[in-house]
Amino acid sequence: MTPNTAPSCAADGPAEAGGSRPATVVEFDGVGLTYPGPPPVAALRPCSLTVREGEYVAVVGPSGSGKSTFLNIVGLLDRPTEGTYVLDGADTTALPEAELTALRGSLIGFVFQAFHLIPHRTALENVALAMLYSAVPARERVQRARTALEQVGLAHRADSLPSRMSGGERQRAAIARAIVGRPRLLLCDELTGNLDSATAASVLDLLDDLHASGMTLVVITHDPVVAARAARTITIRDGVLSEAVTAGTPTEARRLPEVLG
Amino acid sequence: MRGMRGRAGRGGRRSRLRAGDLVREALAGLLQRPGRSALTALGTVLGVGTFVAILGLTATASSQIDARFNALSATEVTVEDTGGDDADHITNSFPADAPARVGRLHGVEHAGVYWIASPEAASGSPGAGTVTSSPVGDLAAGEDVQVVAATPGVLQAAGPGLAQGRIYDAYHQRNAADVAVIGAGLAERLGILTLETRPAVFIGGRPFTVIGIVDDVDRKEELLLSVTVPSSTAMAHWGGPVRGERARMLISTRLGAATQVARNAATALDPAHPERFKVIPPPDPQMLRGGVSGDLDQLFLLLAGICLVIGTVGIANTTLVAVLERTGEIGLRRALGARARHITAQFLTESAALGLLGGLVGTSIGTLVVVGVAVLRDWTAVIHPLTVVAAPVIGLATGLLAGIHPAWKASRIPPVEALRR
């Protein structure tokens, strides 16, 4: 939209206490992604953005606006073609693929619209899967998966197959899988897209709980109801990232992302 | 506080997948669709099954040929008197103490020299060889049967089953006693029904006391149709073997000793002229076995190979379909920290496990087929242990081979693509 011309300022983030500022989780510095032509397509125009520990950020925009590209870059599923992306203090730009994968597995929890639960595997097994590639011993995996399921209120469905679970239960299981590895960032992609409004509300309540417990959240959505829950809202349109101060937190000074056009 | 250093340390780490977890994941992947997995493995089952069945049936059949080579033939050695270069003027190369000489060889149980006696040639008058049990009456015409001159060792080596009486021994041999042992069939034709009456047979008019009637022998069946007399007796009455009817030696050995005995017999008989004897050892079991593998087996093995190829293609195809179906799962795993090689490893392990499973089932079925055929034909089922070990390995190799392409494909799916729904 209207490009915010204000340079990216440092002071930001909720629950800032005293002099110690929460650590930076996501830091975009001129990050952009252009698919080589002809003609070259700018899926995400270079932008700068900082997400601090404990923040709850909604990324909104119509479909085809570049939301997915943004998600893929933040989630380390895709590399930007320009700029620098520092995740939890580690510069990901130059990292080899193997380390990028490890970083993705250990620092980011994904929640997808389509749940992506493996069929024919119980909820517990699906949650435990998240720790498979970090060589956590099987016994500990199951233990932690149980705890995570309890955390999302799904302990009683631990041994159910996804096909026997409701949409809300599936998404809760998916959230349990995303948080079981204690990630630094929970990345949610249209997580209520397949849910009715009542179920969606309860899932969003769960996100609020997680946020309250200190989890850093980035929620990508086209649904204003979902976005309204977040303290910050970032809008993407035609690959251009912009941030407007939302009514939800009027007293807080918002850091505006720098858009370099 | 999360320091920069700590976080950098975390970034330097790489994802790991434990081998146990890999196998568990692969098996879980297979068990997701048990029906499809079974169908996929069918080709391998058939290929490996055919492989085992053919090798097993071949081994079983050749072991039946081996069975003809039994304990009796394996312990029998025959020595023929060829006479060597001196055949024209030496009618009998066997020394007088030939049975004793050979008897000293290790492993020999019984040995004896025998030849076809020729009373006619000796006496020069036709009819001298006619055998009758009575000089007068209906039976006086007699039977024109073979008279065998044999040392007692021949009878012992032949393993006779006596209907009545006994066989002659060293005593009769030493004294050139006029005794005879006759076959049961011949005894019946001669009208000799019992030895209670001390019957005699007349060979060319000369009486011989019948001391035994043989109704069965282990070897040298011709004794059943002959009159057998001590060789010393025959020697005294009719002389040694005549030209054209040279003497032979029959040796029975302990099991396993025959080859060794055969090697030494000629030298033991006459160290100066071992070339005068032709020793016939029992057939070599190794050679019998070697002669069995025919063109047919190779054809069937080719068929088994074709089955395996079809099985490989089947696994490859189904795994490829599964990869496409499970694109979402692949994307999810990548998002959870799986590296491309972890995806490759998982699909390879799945197809290898499928191949191994198919191989194991195929081995079992092949074995059952072999046992079934053996039972029907009243054979002893024989499967070489190497076959049983190799067959599942072949299945495993098939699965691995089949998995290479799909696994590679799976690892090439970019996670972004995989998660797009």
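Analysis parameters
Residues numbered from 1 in each chain as written. Chains lettered and ligands numbered in written order. Predicted model: local features only at pLDDT ≥ 70, side-chain atom pairs only at ≥ 80, totals over all residues. Heavy atoms only, no water. Helix = DSSP H or I, 4+ residues; strand = E, 2+ residues; numbered from the N terminus. Buried < 20%, exposed > 50% of the residue type's maximum accessible area, 1.4 Å probe, protein only. Contact = heavy atoms within 4.5 Å. Areas by Shrake-Rupley, 256 points an atom, 1.4 Å probe, with all protein chains shown as cover. Pairing = 2+ DSSP bridges. Axes fitted to C-alpha atoms, helices over the stretch in contact; angles between N-to-C directions. Phe/Tyr/Trp six-rings, centres within 6.5 Å; stacked < 30°, edge-to-face > 60°.

**Student:** Quick question: what am I supposed to make of the overall build of chain A here?
**Tutor:** Helix and strand content of chain A: seven helices and ten strands. For chain A, the residues scored as buried account for 57% of the 261 residues in total. In chain A, the share of contacts with a sequence separation of at least 24, taken over all contacts with a separation of at least 6, comes to 70%. Accessible surface computed for chain A: about 10,400 Å², of which carbon and sulfur atoms make up 53%.

**Student:** What exactly am I supposed to notice about the sheet that holds strand β6 (residues 108–111) of chain A here?
**Tutor:** Pairing between sheet strands relies on hydrogen bonds along the backbone, with the strands arranged either parallel or antiparallel. All names here are of chain A. The strand order across the open sheet formed by six strands is β6-β7-β8-β3-β9-β10, and the pairing between neighbours is mixed. The open sheet has two edge strands, β6 and β10 (240–243), and neither has a second partner. The mean angle between the axes of side-by-side strands here comes to 20°, regardless of whether they run parallel or antiparallel. The sheet strands contacting helix α2 (residues 97–107) are β6 and β7 (185–189), and the helix crosses β6 at an angle near 70°.

**Student:** What is the right way to look at unusual backbone geometry in this model?
**Tutor:** With glycine set apart, most residues show a phi of negative sign, and most peptide bonds adopt trans. All names here are of chain A. Even without being glycine, F115 reaches a positive phi, approximately 65°. Locating F115 in the fold gives a position in the loop between β6 and α3 (123–128). Not every positive phi belongs to a glycine, and A135 is a case in point at roughly 55°. Summarising the element assignment, A135 is placed in the loop between α3 and α4 (138–151).

**Student:** Help me understand the packing of aromatic side chains, please; the structure alone is not making it clear to me.
**Tutor:** For any pair of aromatic rings, geometry is given as the distance between the ring centres together with the angle between the planes. Following the criterion strictly, the structure yields five aromatic pairs over all chains and no others. Between the aromatic rings of A:F110 and A:F112, the centroid separation amounts to 5.7 Å while the plane-to-plane angle is 5°, which identifies the pairing as stacked. You'll find A:F110 and A:F112 in the same group, each marked buried. Ring plane angle 50° and centroid distance 5.1 Å describe the contact between B:F94 and B:F277, whose orientation is recorded as tilted. With B:F94 in the loop between β1 (76–81) and α4 (98–103) and B:F277 in strand β11 (residues 277–280), this residue pair connects regions lying 183 residues apart in the sequence. The pair B:F94 / B:F277 is uniform in exposure class, with both members buried. An aromatic cluster is present here, built from A:F28, A:F70 and A:Y85 joined pairwise through their rings.

**Student:** Explain the sheet that holds strand β1 (residues 24–35) of chain A to me, please; I cannot follow it from the model alone.
**Tutor:** All names here are of chain A. If you trace the four strands from one edge of the open sheet to the other, you get β2-β1-β4-β5, paired in antiparallel fashion. In the strand order of this sheet, the two ends are held by β2 (41–52) and β5 (90–91), each with one partner. Two elements, β1 and β2, share eight bridges in a ladder whose sense is antiparallel. Residue pairing across strands places F28 opposite L49, the latter belonging to β2. Packing against the sheet, helix α1 (residues 67–74) makes contact with β1, β2 and β4 (82–87), and its axis sits at approximately 125° to β1.

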